[in-house]
Amino acid sequence: MIESIDQLLSHPLGMVLGFFSVAIMELLVFLACFELVTKYKCWTEIKKGNVAVAMATGGKIFGICNVLRFCIQAKSSVYEAMTWSFVGFILLLIAYFLFEFLTPVFSIDKEIEADNRAVGLISMIISVSLSFVIGASII
């Protein structure tokens, strides 16, 4: 089974499909993890029109995909890219907790849930910015 997967991944189109499949799977899993740690329900709030949640979630999506982009660019196999993108996700998750912890004046999650767009924007920018730092360190 593994040999047939490796044979498929040795072809350029197979590699594209492999990386694309891994990206979709990881994006869904990692977003579900973020959903578990936030105090609000991302997709429920987005459906209600909460722009701050949409910005924060969009930043997480961009951050996850950007880290994965660096992993694909730097690593020679799908397996290595998966391993390093997991490490990158853990670092993004740690950054999320640090952002919440290092802002003692107010609760980030409560402000985002209340549609405070300034906090949503900062959250998005932090996710995007740190994804470049994490990705660059993976290379």
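As named in an unreviewed UniProt entry, the chain is Membrane protein, taken from Paenibacillus xylanexedens. A UniProt comment under Subcellular location (unreviewed entry) is attached to the chain, and it reads "Cell membrane". In UniProt, the chain has this text filed under Sequence similarities (unreviewed entry): "Belongs to the UPF0719 family."

Draft legend 1. Local environment of empty space enclosed by the protein. For the coordinates displayed, the defined rule picks out one cavity of 30 Å³ or more. There is about 110 Å³ of room inside the largest cavity. In this structure, the largest cavity is lined by Phe34, Lys60, Leu92, Ala95, Tyr96, Phe99, Ser123, Ile126, Ser127 and Leu130. When contributions to the lining of the largest cavity are tallied by element, the ones reaching two or more residues are α5 (78-101) and α7 (117-138). Classifying every residue of the lining of the largest cavity by side-chain character gives seven nonpolar, two polar and one charged.

How each quantity is defined
Residues numbered from 1 in each chain as written. Predicted model: local features only at pLDDT ≥ 70, side-chain atom pairs only at ≥ 80, totals over all residues. Heavy atoms only, no water. UniProt positions renumbered as here; feature names shortened; annotations may be inferred. 1 Å grid on protein atoms, 1.4 Å probe; cavity = no way out; pocket = protein on both sides within 12 Å on 5 of 7 lines; lining within 4 Å. Points joined across faces, edges and corners; volume = space filled by probe spheres on them. Helix = DSSP H or I, 4+ residues; strand = E, 2+ residues; numbered from the N terminus. Nonpolar A, V, L, I, M, F, W, Y, C, P; charged D, E, K, R; others polar.

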